[in-house]
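The lines below spell out each chain.
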Amino acid sequence: GFINTCGGSLKGAQLSFINTVPGTTKGAQMGFLNTSADSVNGVQLGFINTTAKHLDGAQIGFVNTSISLKGLQLSFVNTTKILNGFQLGFINIVDTLGSGFPLGFLSIVRKGGYRAFEVSLSELYPINISFKIGIKKLYTSFIASYSHNNKCFSFGMGLGSIIQMNNKLYFNP
(Lines give C-alpha, C1' and ligand atoms only; values in the text may rest on other atoms or scores of the structure.)
Protein backbone atom coordinates (compact mmCIF):
# COMPACT_ATOMS: atom_id res chain seq x y z
CA GLY A 1 0.00 0.00 0.00
CA PHE A 2 0.93 3.66 0.14
CA ILE A 3 0.43 4.05 3.93
CA ASN A 4 0.27 1.05 6.23
CA THR A 5 -0.66 1.64 9.88
CA CYS A 6 -1.09 -1.17 12.36
CA GLY A 7 -3.38 -0.58 15.35
CA GLY A 8 -1.29 -2.62 17.81
CA SER A 9 1.65 -4.93 17.30
CA LEU A 10 2.79 -6.39 13.99
CA LYS A 11 3.73 -9.98 13.33
CA GLY A 12 4.51 -10.26 9.63
CA ALA A 13 5.43 -7.60 7.10
CA GLN A 14 4.50 -4.11 6.01
CA LEU A 15 5.40 -3.05 2.47
CA SER A 16 4.52 0.52 1.46
CA PHE A 17 5.77 4.10 1.26
CA ILE A 18 5.01 4.81 4.96
CA ASN A 19 4.86 2.03 7.58
CA THR A 20 3.80 2.69 11.19
CA VAL A 21 3.42 0.33 14.14
CA PRO A 22 2.52 1.72 17.60
CA GLY A 23 3.47 -1.55 19.29
CA THR A 24 6.09 -4.25 18.77
CA THR A 25 7.18 -5.31 15.29
CA LYS A 26 8.14 -8.95 14.70
CA GLY A 27 8.96 -9.27 11.04
CA ALA A 28 9.78 -6.68 8.41
CA GLN A 29 8.97 -3.11 7.50
CA MET A 30 9.95 -2.14 3.96
CA GLY A 31 9.25 1.34 2.66
CA PHE A 32 10.48 4.91 2.50
CA LEU A 33 9.59 5.72 6.14
CA ASN A 34 9.43 2.90 8.71
CA THR A 35 8.47 3.59 12.33
CA SER A 36 7.94 1.28 15.27
CA ALA A 37 6.91 2.96 18.54
CA ASP A 38 8.07 -0.06 20.56
CA SER A 39 10.68 -2.73 19.76
CA VAL A 40 11.59 -4.40 16.49
CA ASN A 41 12.60 -8.01 16.19
CA GLY A 42 13.34 -8.25 12.49
CA VAL A 43 14.26 -5.89 9.67
CA GLN A 44 13.52 -2.29 8.76
CA LEU A 45 14.48 -1.52 5.16
CA GLY A 46 13.86 2.03 3.95
CA PHE A 47 15.15 5.57 3.62
CA ILE A 48 14.36 6.51 7.27
CA ASN A 49 14.03 3.75 9.88
CA THR A 50 13.04 4.49 13.49
CA THR A 51 12.64 2.19 16.45
CA ALA A 52 11.56 3.90 19.68
CA LYS A 53 12.89 1.16 21.95
CA HIS A 54 14.99 -1.94 21.23
CA LEU A 55 16.09 -3.26 17.84
CA ASP A 56 17.06 -6.92 17.61
CA GLY A 57 17.74 -7.34 13.92
CA ALA A 58 18.75 -4.91 11.19
CA GLN A 59 18.05 -1.42 9.96
CA ILE A 60 19.18 -0.70 6.40
CA GLY A 61 18.56 2.76 4.94
CA PHE A 62 19.83 6.34 4.76
CA VAL A 63 19.04 7.35 8.39
CA ASN A 64 18.61 4.71 11.11
CA THR A 65 17.58 5.46 14.70
CA SER A 66 17.11 3.08 17.61
CA ILE A 67 17.23 3.50 21.39
CA SER A 68 19.14 0.24 21.90
CA LEU A 69 20.66 -1.97 19.23
CA LYS A 70 21.49 -5.64 19.17
CA GLY A 71 22.12 -6.29 15.52
CA LEU A 72 23.09 -4.18 12.50
CA GLN A 73 22.60 -0.60 11.40
CA LEU A 74 23.74 0.07 7.83
CA SER A 75 23.23 3.59 6.43
CA PHE A 76 24.68 7.05 5.90
CA VAL A 77 23.72 8.13 9.47
CA ASN A 78 23.23 5.64 12.32
CA THR A 79 22.16 6.65 15.83
CA THR A 80 21.55 4.58 18.93
CA LYS A 81 21.64 5.16 22.66
CA ILE A 82 23.12 1.73 23.54
CA LEU A 83 25.21 -0.17 20.98
CA ASN A 84 25.52 -3.92 21.37
CA GLY A 85 25.76 -4.62 17.67
CA PHE A 86 27.47 -3.28 14.57
CA GLN A 87 27.06 0.10 12.89
CA LEU A 88 28.38 0.67 9.37
CA GLY A 89 27.84 4.17 8.07
CA PHE A 90 29.37 7.48 7.15
CA ILE A 91 28.36 8.97 10.54
CA ASN A 92 27.68 6.81 13.61
CA ILE A 93 26.38 8.37 16.83
CA VAL A 94 26.33 6.30 20.03
CA ASP A 95 25.52 7.41 23.56
CA THR A 96 26.77 4.30 25.41
CA LEU A 97 29.07 1.65 23.94
CA GLY A 98 28.19 -1.87 25.06
CA SER A 99 29.69 -4.84 23.24
CA GLY A 100 29.23 -3.17 19.86
CA PHE A 101 31.44 -1.72 17.16
CA PRO A 102 30.82 1.43 15.08
CA LEU A 103 32.65 1.57 11.75
CA GLY A 104 32.51 4.75 9.68
CA PHE A 105 34.11 7.98 8.55
CA LEU A 106 33.06 9.61 11.84
CA SER A 107 31.96 7.68 14.91
CA ILE A 108 30.91 9.77 17.89
CA VAL A 109 30.68 7.68 21.07
CA ARG A 110 29.79 9.60 24.23
CA LYS A 111 30.31 6.91 26.93
CA GLY A 112 32.98 4.30 26.26
CA GLY A 113 34.39 6.15 23.26
CA TYR A 114 37.80 7.62 22.53
CA ARG A 115 38.68 11.27 22.02
CA ALA A 116 42.16 12.76 21.99
CA PHE A 117 43.81 16.03 21.04
CA GLU A 118 47.43 15.71 19.95
CA VAL A 119 50.21 18.17 19.14
CA SER A 120 53.31 16.78 17.43
CA LEU A 121 56.44 17.74 15.50
CA SER A 122 57.98 16.36 12.33
CA GLU A 123 60.77 17.36 9.94
CA LEU A 124 58.43 18.04 7.00
CA TYR A 125 55.73 19.90 8.94
CA PRO A 126 57.09 21.16 12.27
CA ILE A 127 53.65 22.01 13.63
CA ASN A 128 50.98 19.26 13.64
CA ILE A 129 47.64 19.25 15.45
CA SER A 130 45.26 16.31 15.34
CA PHE A 131 41.89 15.40 16.80
CA LYS A 132 41.01 11.72 17.22
CA ILE A 133 37.46 10.45 17.75
CA GLY A 134 35.78 7.02 17.75
CA ILE A 135 36.65 3.99 19.86
CA LYS A 136 40.08 2.67 20.83
CA LYS A 137 39.76 -0.26 18.42
CA LEU A 138 39.21 2.12 15.49
CA TYR A 139 39.20 5.90 15.48
CA THR A 140 39.28 8.69 12.89
CA SER A 141 42.05 11.25 13.06
CA PHE A 142 41.72 14.74 11.58
CA ILE A 143 45.10 16.42 11.09
CA ALA A 144 46.19 20.00 10.36
CA SER A 145 49.87 20.80 9.75
CA TYR A 146 51.89 23.93 9.05
CA SER A 147 55.37 24.42 7.60
CA HIS A 148 56.81 27.84 8.41
CA ASN A 149 59.72 27.25 5.97
CA ASN A 150 57.41 26.77 2.97
CA LYS A 151 54.57 28.81 4.48
CA CYS A 152 52.04 26.15 3.61
CA PHE A 153 49.23 24.31 5.35
CA SER A 154 48.36 20.66 5.01
CA PHE A 155 45.18 18.87 6.04
CA GLY A 156 44.59 15.17 6.31
CA MET A 157 42.57 12.37 7.74
CA GLY A 158 43.41 8.87 8.81
CA LEU A 159 42.35 5.83 10.76
CA GLY A 160 44.08 4.50 13.84
CA SER A 161 43.86 1.92 16.58
CA ILE A 162 45.15 1.57 20.12
CA ILE A 163 46.26 -1.97 20.94
CA GLN A 164 47.12 -2.68 24.57
CA MET A 165 50.32 -4.75 24.89
CA ASN A 166 50.34 -4.88 28.74
CA ASN A 167 49.26 -2.63 31.65
CA LYS A 168 51.53 0.28 30.63
CA LEU A 169 52.42 -0.32 26.98
CA TYR A 170 50.25 0.36 23.92
CA PHE A 171 50.82 -0.06 20.19
CA ASN A 172 49.26 2.75 18.15
CA PRO A 173 49.26 2.01 14.38
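Scroll up a little and you will see the structure.
Here the structure is a predicted model, which means the values were calculated and not measured.

Caption draft 1: Summary view of the overall build of the protein chain. In terms of regular secondary structure, the protein chain is built from zero helices and 16 strands. A compact globule built from 173 residues should have a C-alpha radius of gyration of about 16 Å, whereas the protein chain, at 20 Å, is more than 25% larger. Out of the 173 residues in the protein chain, the part that is buried amounts to 35%. Surface summary for the protein chain: the accessible area is close to 9,400 Å², and the carbon and sulfur share equals 67%. Each charge class in the protein chain was averaged separately, 13 positive and 5 negative side chains, and the resulting centres sit 5 Å apart.

Caption draft 2: Main features of the pattern of salt bridges. Within this structure, the stated rule accounts for two salt bridges. In this structure, the salt-bridge partner of arginine 110 is aspartate 95, at a minimum N-O distance of 2.5 Å. Residue arginine 110 is found in strand β10 (residues 101-111), and its partner aspartate 95 is found in strand β9 (residues 86-97); the two are separated by 15 residues along the sequence. Assessed through its relative accessible area of 52%, arginine 110 is described here as exposed. A salt bridge links lysine 132 to glutamate 118; the shortest N-O distance between them is 2.9 Å. Residue lysine 132 is located in strand β12 (residues 127-135), and its partner glutamate 118 is located in strand β11 (residues 114-120); the two are separated by 14 residues in the primary sequence. Overall, lysine 132 belongs to the buried group, its relative accessible area being 7%. In this structure glutamate 118 comes out as partly exposed when scored by relative accessible area, which is 33%.

What counts as what
- Residues numbered from 1 in each chain as written.
- Predicted model: local features only at pLDDT ≥ 70, side-chain atom pairs only at ≥ 80, totals over all residues.
- Heavy atoms only, no water.
- Helix = DSSP H or I, 4+ residues; strand = E, 2+ residues; numbered from the N terminus.
- Rg over C-alpha atoms; globule rule 2.2 N^0.38 Å.
- Buried < 20%, exposed > 50% of the residue type's maximum accessible area, 1.4 Å probe, protein only.
- Areas by Shrake-Rupley, 256 points an atom, 1.4 Å probe, with all protein chains shown as cover.
- Lys, Arg positive; Asp, Glu negative; His and termini not counted.
- Charge placed at Lys NZ, Arg CZ, Asp CG, Glu CD.
- Salt bridge = Lys/Arg side-chain N within 4 Å of Asp/Glu carboxyl O.

Any link to function would need more than the numbers given here.
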